[in-house]
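The primary structure of each chain is shown beneath.
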Amino acid sequence: MNDPNADLAETQTIRDVQQLEEMLSRPTPELADMMGRLEGDLILLGAGGKIGPSLARMARRACDEAGAKRRVIGVVRTARPDVARAFHDHGIELLTCDLLQRRQLAALPDVPNVVYLAAMKFGSTGQEARTWALNSYLPGLVCERFRASRIVAYSTGNVYRMAPVDGGGATEDSPIGPIGDYAMSCLGRERIFSYFSRELGIPVALIRLNYAHEMRYGVMVDIAQKVMARQPVDVTMGYFNAIWQGDANAMVLRALEHAAVPARPINVAGPDTLRVRDVAARFGELLEKPVTLTGVEAPDALLSNGTLGFELLGRPAVAPEPMIRWIADWQRRGGPTLGKPTKFQVRDGKF
């Protein structure tokens, strides 16, 4: 099977959201092969956010390419018209459910393959109780409900301590050290999934993502917007990881074959350690804008080592430079964003 992503980096411009969504949901041959082997239907819990729609569409496309007759079900708390339309158009079943409500959760269909996306980050400061309920309490309810399933659950690289900028990033065996309510509640999520994995024998993969990018969201989008607006770029958190959202989608879905008892953490991160000041300078060149920097680079940053993920789930097809070019072009043409800054520069854990 030819790899449709092989020449992805050669794309010169992403015209609109429709082309972007097609690229983000384009499955790899390895994912299609896996979907041909996988048994049973697939449900995505919390599928209405920034990742869920393209992830669900990629799953549907991979199943179709493999000739696998499988239900792909997206569960959302409330169905926005654009999400409902997209799911319908691409053959994804849409269900509405407040996952914190036990009766609604119990009414969901029995499905052997679960991808768990439900989480709260943005606005977590000031809503700490709800943050902990969604990020740490809900996973226990989900494990009880889907005790006969395998689960791939999104986590975050924020559970790690800051890593030295020249050390290659935190591995899955590195010390944990979350800062702030959001990161601590995400570690709580991992601990709850790990507990039920052992107690109930649920195969679980914990995806420590750091940082996914597309034209509407990501650290590089934040930097590009600052440059475009001639605003200072903070370099205190001076380094970061970046992975194309489409690459991350394929890796997350392939993790269904690597869920284990006890729960298995897997970093999903780009292979490069990128320097904020260098990325800002590149955007300055592409956007023809002066770049102003503020702050002093710290000796450590939130960095992850993705080596294990590459070995298990495949290497990313898109390198940083094409992402930078696409984002600059998107910004220059006034393309839409999700309006959700990553707040990557935050070092005190207050999101």
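Up top is the structure these notes are about.
Here the structure is a predicted model, which means the values were calculated and not measured.

J.: Help me understand the overall build of the protein in this model?
T.: In terms of helices and strands, the protein carries 12 helices and 15 strands. Over its C-alpha atoms the protein spans a radius of gyration of 19 Å, differing by no more than 12% from the 20 Å that the globule rule assigns to 351 residues. Over its C-alpha atoms, taken along the principal directions, the protein stretches across nearly 55 × 40 × 35 Å. Within the protein, the proportion of its 351 residues that are buried is 55%. Within the protein, counting contacts between residues at least 6 apart in sequence, those at least 24 apart form 82% of the total. Carbon together with sulfur atoms contributes 48% to the accessible area of the protein, which is approximately 14500 Å² in total. Taken together, the 42 basic and 40 acidic charged side chains of the protein have centroids lying 5 Å from each other.

J.: Mind showing me how you'd approach the nonpolar core here?
T.: Side chains that are nonpolar tend, in soluble globular proteins, to be buried together. Counting residues in hydrophobic clusters, the biggest one holds 42 residues, and the most contacted among them are M35, L44, L55, V115 and L253. The biggest single contributor to this core is helix 3 (residues 52-66), with 6 residues. Not counting chain neighbours up to four residues away, the residues in contact with V115 comprise L42, I43, L44, L45, L55, V152, Y154, V252 and L253. In this structure, A224, Y239, F240 and I324 belong to the second largest nonpolar core, which totals 37 residues.

J.: Teacher, can you tell me more about the packing of helix 10 (residues 276-287) against helix 12 (residues 320-332) here?
T.: When two helices pack together, their arrangement is captured by the angle between the axes and the distance separating the axes. Where helix 10 meets helix 12, the closest approach of the two axes is 10 Å, and the angle between their N-to-C directions is 50°. It follows that helix 10 is oblique to helix 12 by the angle criterion. Classified by chirality, the crossing of helix 12 by helix 10 is right-handed. Contacts between helix 10 and helix 12 pair V279, R282, F283, L286 and L287 from the former with E321, I324, R325, I327, A328, Q331 and R332 from the latter. Class assignment of the residues belonging to the contact of helix 10 with helix 12 gives a composition of 7 nonpolar, 1 polar and 4 charged.

J.: Looking at this structure, I do not really get the packing of aromatic side chains. What am I missing?
T.: In this description, an aromatic ring pair is defined by two values, namely the gap between the centres and the angle between the planes. All chains considered together, the criterion is met by 4 aromatic pairs. Between F240 and F344 the ring centres are 6.3 Å apart and the planes differ by 50°, which places this aromatic pair in the tilted class. Of this pair, F240 sits in strand 10 (residues 239-240) while F344 sits in the segment after helix 12, placing them 104 residues apart in sequence. Neither F240 nor F344 differs from the other in exposure class; each is buried. A cation over a ring is seen here: R145 above F146, with NZ or CZ 4.7 Å from the ring centre. Geometry around F310 places R315 over its ring, the cationic atom sitting 4.6 Å from the centre.

J.: Whenever I open this one, the side chain of S197 confuses me. Can you help?
T.: Here S197 shows up in helix 7 (residues 180-200). The exposure class of S197 is buried, given its relative accessible area of 0%. In terms of polar contacts, S197 uses its side chain to reach the backbone carbonyl oxygen of I202, at 2.7 Å.

J.: How do you make sense of the environment of I243 when you look at a structure like this?
T.: Structurally, the position occupied by I243 is in strand 11 (residues 243-244). For I243, the residues in contact, after removing those within four places along its chain, are L209, Y211, A212, H213, A248, M251, V268, A269, G270, P316 and M323.

J.: How should the pairing of strand 5 (residues 150-156) be read in this particular structure?
T.: Within strand 5, 6 of the 7 residues are buried, which leaves the element mostly enclosed by the surrounding structure. When strand 5 meets strand 7 (residues 204-210), the two strands line up parallel, connected through 6 bridges. Along strand 7, the bridge assignment pairs A153 with L206.

The rules behind each value
- Residues numbered from 1 in each chain as written.
- Predicted model: local features only at pLDDT ≥ 70, side-chain atom pairs only at ≥ 80, totals over all residues.
- Heavy atoms only, no water.
- Helix = DSSP H or I, 4+ residues; strand = E, 2+ residues; numbered from the N terminus.
- Rg over C-alpha atoms; globule rule 2.2 N^0.38 Å.
- Buried < 20%, exposed > 50% of the residue type's maximum accessible area, 1.4 Å probe, protein only.
- Contact = heavy atoms within 4.5 Å.
- Areas by Shrake-Rupley, 256 points an atom, 1.4 Å probe, with all protein chains shown as cover.
- Lys, Arg positive; Asp, Glu negative; His and termini not counted.
- Charge placed at Lys NZ, Arg CZ, Asp CG, Glu CD.
- Core = buried A, V, L, I, M, F, W, Y, C linked by side-chain atoms within 4.5 Å.
- Axes fitted to C-alpha atoms, helices over the stretch in contact; angles between N-to-C directions.
- Parallel < 35°, antiparallel > 145°, perpendicular 65-115°, else oblique.
- Left-handed = near helix turned anticlockwise from the far one by under 90°.
- Nonpolar A, V, L, I, M, F, W, Y, C, P; charged D, E, K, R; others polar.
- Phe/Tyr/Trp six-rings, centres within 6.5 Å; stacked < 30°, edge-to-face > 60°.
- Lys NZ or Arg CZ within 6 Å of the ring centre and 35° of its normal.
- Polar contact = N/O pair within 3.5 Å; in protein donor to acceptor, adjacent residues only side chain to side chain.
- Pairing = 2+ DSSP bridges.

In short, shape yes, function no, at least from these values alone.
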